[in-house]
Amino acid sequence: MTRRSDGTRSAGSTGPAGSGGAPDGRGHLVAVVVPEPGDAVAVVERAVAGSEIAVVCLRAGAKDGRAALDRALAAAESRGCRAHGGPRVLGVDPADALPALREELRTLDPERLHTLDPDPVHTGMDEASGVPSYGVPDAYTETAAVALAAARAHQTETGRPLYVDCLRAEQGSGGTAAVRHPAPVNWLSAGFDGRLTAFWPTAAGVVRWYEELPGGRWRGPELLEGPGLLPGLLVVRDPHGLPHLLGLRRTARGDGGVDVEVVHTAQYRTGRPLAPWSTLGGPNAAAWRKGREVGFPAAAFDAAGDLWVFVRNFGHSVSHRRRSADGGWTPWQHLSGLRVADDLVAVTAEHGGVELFARARDTSAVLRWCQGPDGSWREDRGLPFAARPGSLAPAAEPGAVLFRDARTGRTCFWRPGAPGPYPLDDPESGSGAPSAARGVELAGWGYSVLVGRGTDGTCALGAHPAGRPDTGVWWQEAGAPSFGAPAAAVGRSGRLAVATRLPGGRLLVARRDESRDGLVLDGWRAVGG
């Protein structure tokens, strides 16, 4: 392995699987669906290199909005993107847009669809009527809802995954668009028998890929049951290593409103049907206008096997429910403390309990909640770091978190009691937090493994002695492109597996070659699609 101690990647390294014949990544078409051209600017600014951007607008909008979009597309091209012609204007209102938008998606057949937030956060409240007010036009939410419906219909019609991001301006981020329903970080799972399973959210629900035999042929992507799921997913493992899936489901009401509720399921055998999705409701479910704003869930298991689920509620504080090991759920309960943004991460601590981290809404601080000996929760506002939006993730070590520093952008590690965070990466290494796995043995020593996506769209693999990120991280290119964040998993035997996604519903998968010294992968295989 190559140890990076000077903040730069080693030159000339092709990574452990450089000779494994990984297919080249190819560009992918992203449909951006918005009310008017100017509404697409913040969305286009998030486009990553290799994207071909097709902007679809319901209305023509004003000249200044079109000019702003032209500038945003030009800037995207300088980052390695390409504009798929000029904006396509459907000339319809949101209420009448579904047929025209479905036809446009048939013509474009995109790999991804980006739109706005169908359930925005309120900015005010009419106390007399109890109706929230919002800082965005109604056309934003109406366009997002019809875009989701068109995307689901298109995926159902074609049978191919259509990946969706709903974006909104994140408060305190200078207008930068943030993902409303986050994609999973640890989306690869190893079963009892060593077979791998991968999960990912799409327009029509969660899709799954899985191995028929360990190291053998794969099936998928297959669409799992779960109508009405919004395009985000959380995958957490219970103490037995079984994957549990949590997300949000959005359903129409008879009175014209919508209900958004937290839902949960689990996979108890690789390749077999999931357990039925069960609803946890939401902390503000009694009033649908408040309930639709529920944040995306964070969750973790404690050592006793209880599942703790946390969400941001209507008032921007935290609510939680707990499922005991015998299957019973507590009611929603409130945690006191500062107002939070949507970035919540739950971890299992060294003592076996569950702790929660969250970005504060009104400052750059990160907050932590933990339980005292009597079971009561207390808030810790003194954490010595600030995190970029969307970058908090569980570390491999119990009770610790990974994040990107708000100022430098470097990937960092922090655990309770540490005087400060440990930098793990350089500022040019991409965005988001890496996936982390523990239990890998190298030369008789235990290691934690990190896998992330660099700014050039390739997968990078890192490792550090278990529990000692302060000793430095060994990073190397893994020799594979990655369409989105890669993931890692360690089976019961201790063998490491790494997976990335490619356009077309395909995965690239590699396992560690245990016949060789070091962190060497045995060659990438394209599966699925």
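Residues numbered from 1 in each chain as written. Predicted model: local features only at pLDDT ≥ 70, side-chain atom pairs only at ≥ 80, totals over all residues. Heavy atoms only, no water.

Turning our eyes to something else, we now look at the nonpolar core. L101, L113, V164, L248, V262 and V309 are the most contacted members of the largest nonpolar core, which totals 38 residues. The leading source of residues in this core is helix α4 (residues 138–158), at 5 residues. The residues touching V164, leaving out its near neighbours within four places in the chain, are L113, L148, A151, A203 and P231. (Core = buried A, V, L, I, M, F, W, Y, C linked by side-chain atoms within 4.5 Å. Buried < 20%, exposed > 50% of the residue type's maximum accessible area, 1.4 Å probe, protein only. Helix = DSSP H or I, 4+ residues; strand = E, 2+ residues; numbered from the N terminus. Contact = heavy atoms within 4.5 Å.)

A few words now on the pattern of salt bridges. Across all of its chains, the model carries 31 salt bridges by this definition. Between D119 and R292 there is a salt bridge; the shortest N-O distance is 3.0 Å. One end of the pair, D119, is in the loop between β5 (112–116) and β6 (122–126); the other, R292, is in the loop between α5 (288–291) and β18 (298–301), with 173 residues separating them in the sequence. Between E212 and R217 there is a salt bridge, with the nearest N and O atoms lying 3.0 Å from each other. E212 sits in the partly exposed class, given a relative accessible area of 24%. (Salt bridge = Lys/Arg side-chain N within 4 Å of Asp/Glu carboxyl O.)

Strand order in the open sheet made by the 4 strands is β18-β19-β20-β21, with antiparallel pairing throughout. Of all the strands in the sheet, the pair left with one neighbour each is β18 and β21 (333–335). Put simply, the sheet's adjacent strands are angled 30 degrees from each other on average, direction ignored. (Pairing = 2+ DSSP bridges. Axes fitted to C-alpha atoms, helices over the stretch in contact; angles between N-to-C directions.)

A few words on the environment of A76. Along the chain, the position of A76 falls in helix α2 (residues 63–78). Through-space distance from the C-alpha of A76 to that of P161 is 25 Å; in sequence the pair is 85 residues apart. Apart from residues lying up to four places away in sequence, A76 is in contact with V44, I53 and C81.

Take unusual backbone geometry next. Cis rather than trans, the peptide bond between G220 and P221 has omega equal to 5 degrees. Mapping P221 onto the fold places it in strand β13 (residues 218–223). Positive phi is not limited to glycine here, since D109 has a value of about 50 degrees. A positive phi angle, near 55 degrees, is found at A443, a position not held by glycine. Topologically, A443 is positioned in the loop between β30 (435–442) and β31 (445–453).

One open sheet holds the 4 strands; their spatial order is β14-β15-β16-β17, and the pairing between them is antiparallel. Two strands in the sheet have a free side with no partner beyond their single neighbour: β14 (234–237) and β17 (278–281). With direction set aside, neighbouring strand axes in the sheet form an average angle of 35 degrees. Both β14 and strand β15 (residues 243–252) contribute to a ladder of 4 bridges, which runs antiparallel. Bridge assignment links R237 to a residue of β15, and that residue is P243.

To continue, consider α4. Over its 21 residues, α4 extends 30 Å from the first C-alpha to the last, a length consistent with the 30 Å expected when each residue adds 1.5 Å. Listed in full, the buried residues belonging to α4 are A139, T141, T143, A144, V146, A147, L148, A150, A151, A153, H154 and Q155. Phi turns positive one or two residues past the end of α4, at G159, with a value near 80 degrees. (Expected span 1.5 Å × (residues − 1).)

On to the side chain of R292, then. Among the residues examined, R292 registers a relative accessible area of 12% and is labelled buried. From its side chain, R292 meets the backbone oxygen of P118 in a polar contact 2.7 Å long. The contacts of R292, once residues within four sequence positions are left out, are P118, D119, P120, Y134, T141, R180, R250, V258 and V260. (Polar contact = N/O pair within 3.5 Å; in protein donor to acceptor, adjacent residues only side chain to side chain.)

Let's shift gears to the packing of aromatic side chains. Counted according to the given criterion, the structure contains 9 aromatic pairs. Here F413 and Y422 contribute two aromatic rings whose centre-to-centre distance is 6.2 Å and whose plane-to-plane angle is 35 degrees, an arrangement assigned as tilted. With relative accessibility at 26%, the residue Y422 sits in the partly exposed group. Taken together, the ring pairs connect F357, F385, F403 and W414 into an aromatic cluster. Note that R322 overlies the ring of W308, its terminal NZ or CZ placed 5.5 Å from the centroid. The ring of W200 is capped by R501, whose NZ or CZ atom sits 3.8 Å from the centre of that ring. (Phe/Tyr/Trp six-rings, centres within 6.5 Å; stacked < 30°, edge-to-face > 60°. Lys NZ or Arg CZ within 6 Å of the ring centre and 35° of its normal.)

What follows is about the pairing of strand β22 (residues 340–348). With 8 of 9 residues buried, β22 is to be regarded as a mostly interior element. The turn joining β22 and strand β23 (residues 354–360), which pair antiparallel and follow one another in sequence, is formed by 5 residues; a positive phi near 95 degrees is taken by G352.

Attention now moves to the confidence of the model for the protein. In the predicted model, the protein carries a mean pLDDT of 90, and 92% of its residues have values of at least 70. Counting interchain partners and residues more than four positions distant, the pLDDT-below-50 stretch residues 1–26 has 62 contacts. (pLDDT = per-residue confidence, 0-100.)

Here we come to the side chain of E477. Turning to its location among the elements, E477 is positioned in strand β33 (residues 474–481). Given a relative accessible area of 18%, E477 falls into the buried group. Polar contacts involving the side chain of E477 include one to the side chain of T458, which spans 3.4 Å.

Across the 9 residues that make up strand β16 (residues 258–266), a large majority, 8, are buried. Pairing of β15 with β16, which is carried by 9 bridges, proceeds in the antiparallel orientation. Each residue of the ladder has a partner; that of H244, found in β16, is A266. Here β15 folds back onto β16, and the loop between the two strands holds 5 residues, one of which, G256, carries a positive phi near 95 degrees.

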